[in-house]
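A closer look at the structure
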Amino acid sequence: MDTDRLTDRLGVPVEVHGRIPNTTDRIRRLARDDAPHGTTVVADELTAARGRTGSAWSAPSGGVWTSTLLRPDFDADHVGRLTFAAGVAVADVVSSFGVNAELKWPNDVLVGGKKIAGILTESVHDGVPVAGKPVDEVFPGGEPGLDYVTLGIGINANVDPADLNLDRPATALRAETGGDVDRETVVVRLNEGLRERCAQVETADGFSHLLDDWRERSVTLGQRVVVHRRGQAVVEGVARDVTETGALVVDTGEERIEVTEGECRQLRRE
């Protein structure tokens, strides 16, 4: 992957790194220096990758490990739309290689039940980063300004799934297609798709259509699930829908609970 070639192809700043701790820290620094919407940092290997819950994960050489800077034109309480936008955009990229991609709430892209990509949405409000939860849970009753959003996305491209050291089944584009994929093509399609989907969800109608696309790919909706939440009671029931803030609506049989974060495990389809 080449910095200058990708920058020319996309028309936005792109940095390519061989081996760095993580791409999000670098994007934060670029954002503070007023980097424009769409700026992307991509690495061949990460040495200190972190997931949505703060857990470490392996990002070996051969993957497409990226963070993209977004400066959306909407209020802070709409940030949750971008996780859906990113999920659809990543699924589109995977599908463009002839691989059927599905979406699992809240942030996983699957192929045949195996994880092929993950997404971490981090927004920064008045200098305070918020990751993995709705903004109003961090600023209750407040109206924080939205500085920018970083979408951290890892796509298992030309890696051996066994090298990922995940606690769940995983796959890669190479394993699904039978050969190496061009990672620059992955980066180009991802960046273009993210910017297109981000623009789409800036309007209510656009977001409504985007949610329809997400629901069509969802393997969570209609499924009986159990969600383990940090510091709260476990929720078990049927996943009925998602809200515009990113919450999963779970029907327990007694009530409908909007789950805003947690580890979601599917039990069986109703």
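Refer to the structure above for everything that follows.
Below: a short report on this structure. Predicted model, so just to flag it, every value in this text is computed and none were measured.

**With respect to the packing of aromatic side chains**
One pass over the structure, following the stated rule, counts 2 aromatic pairs. For the ring pair phenylalanine 84 and phenylalanine 207, a centre distance of 6.2 Å and an interplane angle of 55° mean the geometry is tilted. Placement of the pair is phenylalanine 84 in helix α3 (residues 81-95) and phenylalanine 207 in helix α7 (residues 204-217), with a sequence separation of 123 residues. Overall, phenylalanine 84 belongs to the buried group, its relative accessible area being 4%. Judged by its relative accessible area of 3%, phenylalanine 207 falls in the buried class.

**Observations concerning the packing of helix α1 (residues 3-10) against helix α6 (residues 183-200)**
Where α1 contacts α6, the axes come no closer than 11 Å and their chain directions differ by 35°. In this structure, the crossing between α1 and α6 has a hand that is right-handed. Two secondary-structure elements touch here, α1 through Arg5, Leu6, Arg9 and Leu10 and α6 through Glu184, Val187, Val188, Asn191, Glu192 and Arg195. Here the contact of α1 with α6 is composed, by residue class, of 4 nonpolar, 1 polar and 5 charged.

**Overview of the pattern of salt bridges**
Once their charged atoms are close, side chains differing in charge can pair, the charge on each being opposite to the other. Scanning the entire structure with this criterion turns up 20 salt bridges. Glutamate 122 serves as the salt-bridge partner of arginine 28, at 2.6 Å between the closest nitrogen and oxygen. Of this pair, arginine 28 sits in helix α2 (residues 23-32) while glutamate 122 sits in strand β7 (residues 114-125); the two residues are 94 residues apart in sequence, bridging distant segments of the chain. On the basis of relative accessibility, which here comes to 22%, the residue arginine 28 falls in the partly exposed class. Residue class for glutamate 122 comes out buried when judged on its relative accessible area of 7%.

**With respect to unusual backbone geometry**
In the segment running from tryptophan 105 into proline 106, the intervening peptide bond is cis, with an omega of 5°. Turning to its location among the elements, proline 106 is positioned in the loop between β5 (102-104) and β6 (108-111). In this structure, aspartate 34 takes a positive phi of about 70° despite not being glycine. For aspartate 34, the position within the fold is in the loop between α2 and β2 (40-50). Overall, the relative accessible area of 66% leaves aspartate 34 in the exposed class. With a phi close to 50°, aspartate 126 is a non-glycine residue in the positive phi region. Along the chain, aspartate 126 turns up in the loop between β7 and β8 (128-131). A residue is classified by how much of its surface remains accessible, and aspartate 126, at 54% relative accessible area, is exposed.

Definitions and cut-offs
Residues numbered from 1 in each chain as written. Predicted model: local features only at pLDDT ≥ 70, side-chain atom pairs only at ≥ 80, totals over all residues. Heavy atoms only, no water. Phe/Tyr/Trp six-rings, centres within 6.5 Å; stacked < 30°, edge-to-face > 60°. Helix = DSSP H or I, 4+ residues; strand = E, 2+ residues; numbered from the N terminus. Buried < 20%, exposed > 50% of the residue type's maximum accessible area, 1.4 Å probe, protein only. Axes fitted to C-alpha atoms, helices over the stretch in contact; angles between N-to-C directions. Left-handed = near helix turned anticlockwise from the far one by under 90°. Contact = heavy atoms within 4.5 Å. Nonpolar A, V, L, I, M, F, W, Y, C, P; charged D, E, K, R; others polar. Salt bridge = Lys/Arg side-chain N within 4 Å of Asp/Glu carboxyl O.

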